[in-house]
Amino acid sequence: MSIKKIAIAIDGPAGAGKSSISKVVANKLHYLYIDTGAMYRAVTWAVLHEHLDVHNQKAVERLLKTLDLAMEATETGCKVYIRGEDVTEFLRQPKINDNVSIIASYKGVRQYLVERQQAMAEVGGVILDGRDIGSVVLPKAELKIYLTASVEARAKRRWLEVQGTPNELPLEAIQRSVTERDEMDKNRKESPLVQVAEAILVDSSDMTFDETVTHILSLVEERVNCE
Ligand code: DC
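Conventions adopted
- Residues numbered from 1 in each chain as written.
- Predicted model: local features only at pLDDT ≥ 70, side-chain atom pairs only at ≥ 80, totals over all residues.
- Heavy atoms only, no water.
- Pairing = 2+ DSSP bridges.
- Helix = DSSP H or I, 4+ residues; strand = E, 2+ residues; numbered from the N terminus.
- Buried < 20%, exposed > 50% of the residue type's maximum accessible area, 1.4 Å probe, protein only.
- Arc of directions from axis to C-beta.
- Contact = heavy atoms within 4.5 Å.
- Axes fitted to C-alpha atoms, helices over the stretch in contact; angles between N-to-C directions.
- Near = heavy atom within 4 Å.
- Polar contact = N/O pair within 3.5 Å; in protein donor to acceptor, adjacent residues only side chain to side chain.
- 1 Å grid on protein atoms, 1.4 Å probe; cavity = no way out; pocket = protein on both sides within 12 Å on 5 of 7 lines; lining within 4 Å.
- Sits in = over half its atoms within 2 Å of the grid points.
- Nonpolar A, V, L, I, M, F, W, Y, C, P; charged D, E, K, R; others polar.
- Core = buried A, V, L, I, M, F, W, Y, C linked by side-chain atoms within 4.5 Å.

Peer 1: Where do I start with the sheet that holds strand β5 (residues 85-86) in this structure?
Peer 2: Backbone-to-backbone hydrogen bonds pair the strands of a sheet. The strands run either parallel or antiparallel. As summarised here, the arrangement of the three strands in space is β3-β4-β5, forming an open sheet in which the pairing is antiparallel. The sheet is open, and its two edges are formed by β3 (70-74) and β5, each paired on a single side. Taken together, the five bridges between β3 and strand β4 (residues 77-82) define a ladder with antiparallel strand orientation. By the bridge assignment for β4, Glu72 is matched with Lys79.

Spelled out as structure tokens, the structure:
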């Protein structure tokens, strides 16, 4: 018997664990996982790498035509290539965190990336995580989840993640950065972060990583059984 493969949209604020959880859920289901935040981060990396002014929307949008952005799904997540160069390892740097919400607010950037995301999702059996997946990228997704946690819990998780790495920062700085990104992502004009009416709210503030994965897998199972 073949089990129906569905499209899953996971949206939510920065640091809610969307990427790490989506990756594990996708592996367990043998689904394709697409980290759309990594695509916005890769564009931001290219803008900084070319020393463009992040506030110059026209220059940023002109750059898109030359990027040749490509994604590769691997066992450990998504790799992102710009003009054939694997830039994945640069995408979590604080300077990217500080600028990515500005780049993600530009209409041309969003159009360029949304087109690519929709084309990749056509294969079915996919999990996409981001801010506008349920609202814009996959409005027909069979399962939509809004994954969130308190700002304190999200900052603490990010802080633990970056301990001992070159991206290490004090907890207060991380909490400030997470709060600022939340504000920008929720209040921008183009595709702001919203919980769409049909999305199931998962608040993981008091859940462990494994509990969140198990809960999401049970939501997928329920949804697949209804199909
Ligand atoms: O999920 P993340 O932290 O890697 O996302 C990085 C930034 O990209 C985030 O500040 C908002 C933006 N983003 C977006 O606007 N739309 C998406 N689908 C994914 C990310």
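That shown, we press on.
Peer 1: Any chance you could explain the pairing of strand β6 (residues 126-130) here in plain terms?
Peer 2: On any regular strand, side chains alternate: one points to one face of the sheet, the next to the other face. Most of β6 is tucked away: five of the five residues are buried. Of the two faces of β6, the one carrying Val126, Leu128 and Gly130 and the one carrying Ile127 and Asp129 are both buried. In this structure, strand β2 (residues 32-35) lies alongside β6, joined through four bridges in parallel fashion. Bridge assignment links Leu32 to a residue of β6, and that residue is Val126.

Peer 1: Got a minute to help me understand helix α3 (residues 57-64) in this structure?
Peer 2: Because an α-helix packs 3.6 residues into every turn, residues spaced three or four apart end up facing the same way. When we look at burial in α3, the residues that qualify are Ala59, Val60, Leu63 and Leu64. Considered in projection along α3, the buried side chains sweep an arc of 155° and stay on one side of the axis. Residues of α3 that are exposed and angled more than 90 degrees away from the buried face: Lys58 and Arg62. On its buried side, α3 packs onto α2 (36-49), α4 (94-103) and α5 (107-121).

Peer 1: Sorry if this is basic, but what is going on with the sheet that holds strand β7 (residues 143-148) here?
Peer 2: Spatially, the five strands line up as an open sheet ordered β2-β6-β1-β7-β8, and their pairing is parallel. Looking at which strands have only one partner, the edges of the open sheet turn out to be β2 and β8 (200-203). Strand after strand, the sheet turns through a mean of 20° between neighbouring axes, direction not considered. Here strand β1 (residues 7-11) runs beside β7; their pairing, made up of four bridges, is parallel. The partner of Asp11 across the bridge, within β7, is Tyr146.

Peer 1: Please explain the site of the ligand as it appears in this structure.
Peer 2: In the neighbourhood of the ligand, 15 residues make up the surrounding shell, with Arg41, Arg110, Arg131, Asp132 and Arg188 lying closest. Within the side chain of Ser101, one N or O atom sits 3.0 Å away from an oxygen atom of the ligand. Between the ligand and the protein, one listed contact pairs an oxygen atom with a side-chain N or O atom of Arg188 at 2.8 Å. The cavity where the ligand resides is the largest pocket. Here the shell around the ligand is composed, by residue class, of three nonpolar, four polar and eight charged.

Peer 1: Could you clarify how one ought to interpret the nonpolar core in this entry?
Peer 2: A general tendency of soluble globular proteins is for nonpolar side chains to be buried together. The biggest cluster of nonpolar side chains holds 59 residues, and the ones touching the most others in it are Val43, Leu69 and Val109. Here this core gets eight residues from one element, more than from any other, and that element is α2. With sequence-adjacent residues up to four places away left out, Leu69 is seen in contact with Met39, Ala42, Val43, Val80, Tyr81, Ile82, Tyr112, Leu113 and Arg116.

Nothing here speaks to function; it is all geometry.
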